[in-house]
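# Structural description and commentary
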Amino acid sequence: MRLHYWTYEGPAHVGACRVGTSIPGVHTVLHAPGGDSYTSVLFTMIDRQCGFPSVTNVSYGRKEVSTTGVDRMMTVVEQVERTHKPRVIQVIPTCTSNLLKEDVGGALNRMQATCNAKLLFLQLNAFCEKEDQGADMTFAGLVEHLATGTGERTPEPTVNILGLTSLGFRHRDDLREITQLLNQCGIRVNAALPLGGTAADFQRLGQAWFNVVPYAEIGLRAARVLENRFGQPYLVHAPIGIQATQEFIELVQAKVEELGGRPANFHPRPETMSRVPWYSRSADSHYLTPKRSFVFGVASHALAVARMMEEEIGMRPLAVGTFSYEHAPAFLDECTRRGWNGFYSDDFKEVERRIADAMPDIVLGTQMERHSARRHELPATVISCPAHVTDFPARYSPFAGWEGANVIFDAVTHTLTLGLESHLINMFRELPGVEHDSVLGAVRLPDLPPSPSPMSRNEGVPAEQRGTASAVVSTPATTAVVTAPGTGTPGGEWSGEPRWTEEALAELKKIPFFVRKKAMHNTEKYAREHGLREILPQTIHATRDELSRK
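Residues numbered from 1 in each chain as written. Predicted model: local features only at pLDDT ≥ 70, side-chain atom pairs only at ≥ 80, totals over all residues. Heavy atoms only, no water.

Summing up its helical and strand segments, the chain has 22 helices and 17 strands in all. Counting only residues that meet the buried cut, the chain has 53% of its 550 residues in that class. For the chain, long-range pairs separated by at least 24 residues make up 71% of all intrachain contacts whose partners lie at least 6 apart in sequence. (Helix = DSSP H or I, 4+ residues; strand = E, 2+ residues; numbered from the N terminus. Buried < 20%, exposed > 50% of the residue type's maximum accessible area, 1.4 Å probe, protein only. Contact = heavy atoms within 4.5 Å.)

You can see Leu 318 is positioned in strand 10 (residues 316-322). Residue Leu 318 is classed as partly exposed on the basis of its relative accessible area of 26%. With 37 residues separating them along the chain, Leu 318 and Ile 355 place their C-alpha atoms 9.4 Å apart. In contact with Leu 318, other than residues within four places in its own chain, are Arg 292, Ser 293, Asn 341, Ala 358 and Pro 360.

Before going further, it helps to spend a moment on empty space enclosed by the protein. A full pass over the atoms with the stated rule returns one cavity of 30 Å³ or more. Considering only enclosed or pocket space, the largest cavity measures out at about 140 Å³ in volume. Lining the largest cavity are 17 residues, and of these Arg 18, His 171, Tyr 215, Glu 217 and Ile 218 sit closest to its centre. Here the residues of the lining of the largest cavity are counted per class, giving nine nonpolar, five polar and three charged. (1 Å grid on protein atoms, 1.4 Å probe; cavity = no way out; pocket = protein on both sides within 12 Å on 5 of 7 lines; lining within 4 Å. Points joined across faces, edges and corners; volume = space filled by probe spheres on them. Nonpolar A, V, L, I, M, F, W, Y, C, P; charged D, E, K, R; others polar.)

Moving on, we come to the packing of aromatic side chains. We describe a pair of aromatic rings using the distance from one ring centre to the other and the angle between the two ring planes. Inspection of every chain in the model, using the stated rule, returns nine aromatic pairs. Relative to Phe 323, the ring of Tyr 8 has its centre 5.0 Å away and its plane inclined at 5°; by these criteria the two rings are stacked. Of the two residues, Tyr 8 is situated in the segment before helix 1 (12-22) and Phe 323 in the loop between strand 10 and helix 14 (328-338); the sequence distance between them amounts to 315 residues. Positioned above the aromatic ring of Tyr 396, the side-chain terminus of Arg 176 is 3.9 Å from the ring centre. Of note, Arg 354 hangs over the ring of Phe 343, and the distance from its end group to the ring centre comes to 4.1 Å. (Phe/Tyr/Trp six-rings, centres within 6.5 Å; stacked < 30°, edge-to-face > 60°. Lys NZ or Arg CZ within 6 Å of the ring centre and 35° of its normal.)

Pairing in this open sheet of five strands is parallel, and the strands run 11-10-9-12-13 from one edge to the other. Two strands lie at the open edges of the sheet, namely strand 11 (342-344) and strand 13 (380-382), each paired on one side alone. On average, each strand axis in the sheet is inclined to that of its neighbour by 15°, with strand direction left out of account. Here helix 14 sits on the sheet and contacts strand 10 and strand 11; the angle it forms with strand 11, its principal contact strand, is near 165°. (Pairing = 2+ DSSP bridges. Axes fitted to C-alpha atoms, helices over the stretch in contact; angles between N-to-C directions.)

Here we come to the packing of helix 10 (residues 242-258) against helix 13 (residues 299-313). Their axes nearest at 8 Å, the elements helix 10 and helix 13 cross at an angle of 105°. Considering the angle they form, helix 10 stands roughly perpendicular to helix 13. Contacts from Ile 242, Gln 243, Ala 244 and Glu 247 of helix 10 reach helix 13 at Arg 307, Glu 311 and Glu 312. Here the contact of helix 10 with helix 13 is composed, by residue class, of two nonpolar, one polar and four charged. (Parallel < 35°, antiparallel > 145°, perpendicular 65-115°, else oblique.)

On to the pairing of strand 7 (residues 210-213). Side chains Phe 210 and Val 212 project from strand 7 onto one buried face, and the interleaved Asn 211 and Val 213 project onto a second face that is buried too. In terms of strand pairing, strand 5 (residues 158-162) meets strand 7 through three bridges, oriented parallel. Along strand 7, the bridge assignment pairs Ile 161 with Val 212. Relative to strand 8 (residues 234-236), strand 7 runs parallel, the two being bridged by three bridges. Bridge pairing in strand 8 places Asn 211 opposite Tyr 234. Running through helix 9 (residues 220-230), the crossover from strand 7 to the neighbouring parallel element strand 8 is right-handed. (Right-handed = clockwise from strand over helix to strand, strands pointing away.)

What follows covers helix 10. Compared with the 24 Å implied by 1.5 Å per residue over 17 residues, the 24 Å span of helix 10 between its first and last C-alpha is a close match. The first or second residue beyond helix 10 is Gly 260, which carries a positive phi of 95°. (Expected span 1.5 Å × (residues − 1).)

This part is about the pairing of strand 10. Counting buried positions over the seven residues of strand 10 gives five, a clear majority of the element. Summarising the sheet, strand 9 (residues 292-297) and strand 10 pair through six bridges and their orientation is parallel. Each residue of the ladder has a partner; that of Ser 293, found in strand 10, is Pro 317. Once you follow strand 9 into helix 13 and on to strand 10, the crossover reads as right-handed.

As summarised here, the arrangement of the four strands in space is 6-5-7-8, forming an open sheet in which the pairing is parallel. Sheet topology places strand 6 (188-193) and strand 8 at the edges, where each strand pairs with a single neighbour. For this sheet the average axis-to-axis angle between neighbouring strands, irrespective of direction, equals 25°. Taken strand by strand, helix 8 (residues 171-184) contacts strand 5 and strand 6, and its axis lies near 160° from that of strand 5.

Attention now moves to the environment of Glu 377. With respect to the element layout, Glu 377 can be found in the loop between helix 16 (367-375) and strand 13. Given a relative accessible area of 42%, Glu 377 falls into the partly exposed group. The spatial distance from the C-alpha of Glu 377 to the C-alpha of Lys 517 is 6.7 Å, given a sequence separation of 140 residues.

Printed below as a string of structure tokens:
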């Protein structure tokens, strides 16, 4: 058994609780020992729900494990029905309860005759299924038992939005944004479940023309259940980014036309809906184009954000990864089709090693990748679950739709721009004669020294490399030729670690702090490849020139 102190996903019963707490009228009873009672705290402290989450723990002790665990569960179910009066009570076992092999389903069947609430027992294997899979299976189970309507279609085009839940990454605002997109297409939302609906909405799920699943991780099983029961087609597409949002609008209208409806012919110009098309082309954003990104997260978000980085902002993804085990094959196929270096991993240490090897200009990942990037002094921003309290801001901040594209663009550019401002302050502090006013947050610069004469540019440079210094300044093409002979040649005899000179270290400090480690890494790699014993300022320049030609 391997002990985890960080996982990208929680156990399956956390996913089940995410579904249950999203739907008013559904109460979740966790058949679990006292130690598993942490789940309720997630919804009050992270999701910031106003009311107390509709989750109750059985909380049996060690004396009741082998004797009266089921009796204790039945008592709790009776108390929940009497106190909260829900329409549905779903009983979910945790990993500890799975080991006991109790007949929970049989006990609930016996209780159903005396209960007004619908009792459901959803068997999840906590040792094989993770959070998203547990949420997907729980939602499909609720649809299977509760979507018993006639399935008579509404006169006007309507859709169901499936799969958004509490504790989902920006799901609360994404629901509002996706609803606006559908309304712009002349389509009304029939029901939104789990988030945005009630237990009564299950009855009219079959009335919608088709179903929309924004993120494939949760809601796909439920969409298949509805397709089999009512013949409803479904659409899986994450509207993250400008192009993906346009495609979402086109797909929705095409589906309406395919089903015999009259589409609204809504074909908006992206420039009128979002600032991203213009901002990404403006002169202020030119510095983004040569930069390289590292993207990691849940499959749907990682693919969509990587595409947006490459096609809309101009940042080539060095690697694109996911921790979504169930969707990893389709994820890797899509990465291969787009020519990306795709990978699957649920080990945060492996992800950090990949970040350290790639040394990208920016890391787009989960909260853990943000911490990993900080250890390597790389800028980072969060684009995926697992949810953190900062992912539930007070302001409107979706990831989907037109406004979602604005939010992502701001997150990327502000992460890079703010790092540059800090660099300038640090750089000025390092200059002799500079005074920093800690109260005003300003610096007073010293007088600039006179420009050095061409003859003085070689002062302080070792004799064996003086000929190289002028060549470095002259043309990039000669740089690689002249930096090598003083300290070795490509493929030369020297194979040890190169030594940094004082001049090179001073030159290194002029590089922004958030890319300094990456520049150091690349310069040392260049020195080793060219057999250099010492790293001089010219070596840094030669490395920069070589990378700029790639």
